[in-house]
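Close look at the chain arrangement
This is what each chain is made of:
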Amino acid sequence: MMQGRGRAQMVQGRGGRGGTPAQPQILLKSLQDHLLLHIFNMLDNKGRINAFKAIGWSTNRYIQRRENLRKQIENKRKVEKEMAERMKWRNEIFKSVLNAAVKNEDVAKSASEGKGNRGITAIEPALLRDGQTGEEKKETDKNEALAEGMSKLTMSENAKLEEMEPLPHLGARVDPYTLLTRLNTRRLYGRLKHYKKEAIKKKEEEEALKVTLRAKGLAVPEPSIIEIYERDLKEKLLLDRIYPKNVTIMQMAQKEWNELIEMANYRNMGHSLPFDPIPPKHELLLFQSCPRAVAVLASYPRSGNSLMRTLYEHTTLRVTGSDMQGGLAKHDLVGEMAVGEGMVQFVKTHFPERLGTPAFRCSRAVLLVRNPFDAIESFFHLMMTGEHTATLSEENRKKAETVFDEYAVKEAVVWTRFHEYWLNQDIPILLIRYEDLYRQTDKVMERVLQFVLEVKRMGTFFTERVDRCIREQQKIESLGSYKPRAAGIGKSLKKYKPEVIERMKTPAMMEVMKKLGYSFMLENPVEKWSDMPPLQGYATEIMTAAAFVNEQNTIILNNDKSIISRSQAEFTPWQKIKQELGIIENNCDCENCSKRKQLAAGSSAGAAGEGFSREATAVGGAAEGAEGIAAGGGAILVNS
């Protein structure tokens, strides 16, 4: 079941029905980004920044990369200069020693032969001219003058090149296969460090035991030849298993998956395990084809989809896909833009809250929901800080108080439309609440695995995988791709004004909350929300009549802009708002934010403040225009 019905080579397998190969789509997107950035590589620094701003791209990472490149070049020149001075010093010593040797040789010959033969050395070119004719000497002098002139010319050109501003090479996002290889390489490195530390720890314990025995006057037992042989053999077998030779990383990952199945069979037969399993955080991941259209993880933003993806990957060792590039590759979620059934089985989407890319089919959906008050407030922090883990400071939160009030009312409409869409789809849907996932992680993930992989009964294999990868962990925070903000059910409600909550609680929103299992929140004060009971069975399966009659139904996502939940009336121009409020982003190094930092640090000059205000207004207008381009679908999201 895990292998699917695709072709033998998983990167080429198509599998299922009605789908399209994912790899050509990804390669086409990579080619478009590559060609666009290749054009930008021909521009100077000012041209690049202007182009980024016109398209709506952030310049933060580009400026940071440029600064890093400048430092690298400075360090390289410093090392080269030190090496040149060292070589010069060595040559001077060698020349002085050789000249002294030649002088001593001349003195000895003069004493024996009665004449002063100067000798010939390779250091002084003037000595080579002895015996040359006048024409030959002129030709030699001419060649040396030409060489000296060329040397000066070359040094002058090099000086001009060194004065040029270093610009980093721009490259498009890499494809999921490369990202997965990099992730597995990091995991393999971490694995080797882990076992090396374990070996050192074991050796230190043995030495400590010997010291203790000697202190007590007891004899230290010496291992026999057979024990030494068995220990060395065990270490060799362990090294061959955790880091085998002459295999690719993907072959290694597949081999380790087969070993997990083999160990499960040993347990079922009551046999002892031939070796200890590799720690979950150092296990390698695989892409996996799907025998049908993929299952999707549908959620409104900030509802726990990254946590769910990570839990799924830890348990199944299969990469999850995504229909957008949200910067989560740096958090080890490498399936960005991988949506086809030839690559993945489980794909994250925020559709129809936003339009992802490319369009793809799905046959079932895990609908991961979170109460609207916590989800909307968390989304506000994300958009205002640009980080998944950052929290807006109290000072800036106070500045944005009016903005938050209007945003919350508009976003409640988006939240309602999003869930109404998914509750009316004619495919099997598994309803999961984030509040249950956070509190009963193992129970919820068992239901998710059953649903996504279509397992009728959870056997010992996946039960043990859940035990090792989830139940054995100490805290839920250690399971996610990144450390979440301090969370709690209903803790964000104090951020809302009572009148804002009343405006949010429309009849449509309250009806959706009841369907999603949040009646307890509507009937009880916020102090009791943490006592909300989980859904029966920790999940609810939803099937419309059409889905019940035909379980082979599929729907197409990201193909219809007319059903997007966020209309122009609910659109929030975040960049313009942050500029108008004067909110300084500490992690932003763009020209505008840098000037704001300088102004906030040393400024009380009225003229300077007035001049900057006019400039900020101009930049704000340009940013608003860039957001319009992005909203119209004209921007290509790449890392600059």
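So, here's what we can say about the structure. (Residues numbered from 1 in each chain as written. Predicted model: local features only at pLDDT ≥ 70, side-chain atom pairs only at ≥ 80, totals over all residues. Heavy atoms only, no water.)

Along the backbone of the protein there are 21 helices and seven strands. Here the protein holds 640 residues, and 40% of them are scored as buried. Expressed as a percentage of contacts within the protein between residues at least 6 apart in sequence, the contacts between residues at least 24 apart total 79%. (Helix = DSSP H or I, 4+ residues; strand = E, 2+ residues; numbered from the N terminus. Buried < 20%, exposed > 50% of the residue type's maximum accessible area, 1.4 Å probe, protein only. Contact = heavy atoms within 4.5 Å.)

L367, W422, V448, Y496 and M504 are the most contacted members of the largest nonpolar core, which has 104 residues in total. Ranked by the residues each element gives to this core, the list is headed by helix α11 (residues 401-423), at eleven residues. Leave out the neighbours within four places in its chain, and W422 touches V296, A298, T349, F351, P352, A365, L367, I427, I429, I555 and L557. Membership of the second largest hydrophobic core comes to nine residues, among which are F40, I49, A51 and I55. (Core = buried A, V, L, I, M, F, W, Y, C linked by side-chain atoms within 4.5 Å.)

For side chains of opposite charge, pairing can occur when their charged atoms come near one another. The final tally for this structure, using the stated rule, is 23 salt bridges. In this structure, R186 engages D332 in a salt bridge whose closest nitrogen and oxygen atoms are separated by 2.9 Å. Taken together, the positions of R186 in helix α5 (residues 176-215) and D332 in the loop between β2 (321-322) and β3 (346-349) put the pair 146 residues apart, joining distant regions of the chain. Overall, the relative accessible area of 43% leaves R186 in the partly exposed class. Of the charged contacts, one joins R241 and E259 as a salt bridge, the two residues approaching to 3.8 Å between their closest N and O atoms. With R241 in helix α6 (residues 225-242) and E259 in helix α7 (residues 249-268), the pair connects residues that are 18 residues apart, well separated along the chain. (Salt bridge = Lys/Arg side-chain N within 4 Å of Asp/Glu carboxyl O.)

Quick look at the environment of Y300 now. With respect to the secondary-structure elements, Y300 resides in the loop between β1 (294-299) and α8 (305-316). Accessibility expressed as a relative area gives 0% for Y300, which makes it buried. The sequence separation of Y300 and F379 amounts to 79 residues, and the corresponding C-alpha distance is 9.4 Å.

Closest axis-to-axis distance for the α8/helix α13 (residues 441-452) pair is 11 Å, and the angle between their directions is 75°. What the angle tells us is that α8 and α13 run roughly perpendicular. Residues M308, L311, Y312, T315 and T316 of α8 form the contact with α13, whose participating residues are T441, M445, V448, L449 and V452. Split by residue class, the contact of α8 with α13 holds seven nonpolar, three polar and no charged. (Axes fitted to C-alpha atoms, helices over the stretch in contact; angles between N-to-C directions. Parallel < 35°, antiparallel > 145°, perpendicular 65-115°, else oblique. Nonpolar A, V, L, I, M, F, W, Y, C, P; charged D, E, K, R; others polar.)

What follows deals with the side chain of E259. On the basis of relative accessible area, E259 is assigned to the buried category, the value being 9%. Separated by 2.8 Å, the side chains of E259 and K255 make a polar contact. (Polar contact = N/O pair within 3.5 Å; in protein donor to acceptor, adjacent residues only side chain to side chain.)

Moving on to the environment of W529. With respect to the secondary-structure elements, W529 resides in the loop between α17 (519-523) and β6 (540-542). W529 gets classed as buried once you look at its relative accessible area, which sits at 4%. In this structure the C-alpha to C-alpha distance between W529 and I489, which are 40 residues apart in sequence, comes to 6.3 Å. If we ignore the near neighbours within four places in the chain, the residues touching W529 are F373, I489, G490, L493, F520, M521 and N524. Separated by 3.4 Å, the side chain of W529 and the backbone oxygen of P525 make a polar contact.

This part is about the pairing of β1. Burial analysis of β1 places six of its six residues in the buried class, the great majority of the element. Neither face of β1 is open: one carries V294, V296 and A298, the other A295, L297 and S299, and all of them are buried. Summarising the sheet, β1 and strand β4 (residues 360-369) pair through six bridges and their orientation is parallel. Looking at the pairing, V294 lines up with C362 of β4. Pairing geometry for β1 and β3, over four bridges, is parallel. Residue pairing in the sheet places A295 in a bridge with F346 of β3. (Pairing = 2+ DSSP bridges.)

Counted by the stated rule, this structure contains 16 aromatic pairs. With centroids separated by 5.7 Å and ring planes inclined at 90°, the aromatic side chains of F351 and Y421 adopt a geometry described as edge-to-face. Within this pair, whereas F351 is found in the loop between β3 and β4, its partner Y421 is found in helix α11, the two being separated by 70 residues in sequence. Lying over the aromatic face of F404, R397 brings its terminal NZ or CZ to 4.4 Å of the ring centre. (Phe/Tyr/Trp six-rings, centres within 6.5 Å; stacked < 30°, edge-to-face > 60°. Lys NZ or Arg CZ within 6 Å of the ring centre and 35° of its normal.)

Glancing now at a nonpolar patch on the surface. Taken together, the side chains of W89, I93 and V97 make up a nonpolar region of the molecular surface, amounting to roughly 320 Å² of accessible area. Note that I93 resides in helix α3 (residues 60-113). (Patch = residues over 30% accessible without salt bridge, like charges linked within 9 Å, V, L, I, M, F, W, Y side chains within 5 Å. Areas by Shrake-Rupley, 256 points an atom, 1.4 Å probe, with all protein chains shown as cover.)

By the element assignment, Q288 lies in the loop between α7 and β1. Using a relative accessible area of 2% as the deciding quantity, one classes Q288 as buried.

Quick look at the packing of α5 against α7 now. A packed helix pair is summarised by two numbers, namely the angle formed by the two axes and the spacing between the axes. At a closest axis distance of 10 Å, the pairing of α5 and α7 adopts a crossing angle of 65°. Classified by chirality, the crossing of α7 by α5 is left-handed. Contacts between α5 and α7 involve L180, T181, N184, T185, L188 and R191 from the first element and I249, M250, M252 and E256 from the second. (Left-handed = near helix turned anticlockwise from the far one by under 90°.)

Let us now look at a negative patch on the surface. A cluster of acidic residues, E198, E204, E205, E206 and E207, forms a negative patch at the surface. Along the chain, E205 falls in helix α5. (Lys, Arg positive; Asp, Glu negative; His and termini not counted. Charge placed at Lys NZ, Arg CZ, Asp CG, Glu CD.)

Burial runs high along β4: nine of the ten residues are buried. Here three bridges tie β4 to strand β7 (residues 555-557), and the two strands are oriented antiparallel to one another. Across the sheet, C362 pairs through a bridge with I555, a residue of β7. For β4 and strand β5 (residues 429-433), the ladder comprises five bridges, and the chain directions are parallel. Counted as the bridge partner of A365 is I429 from β5.

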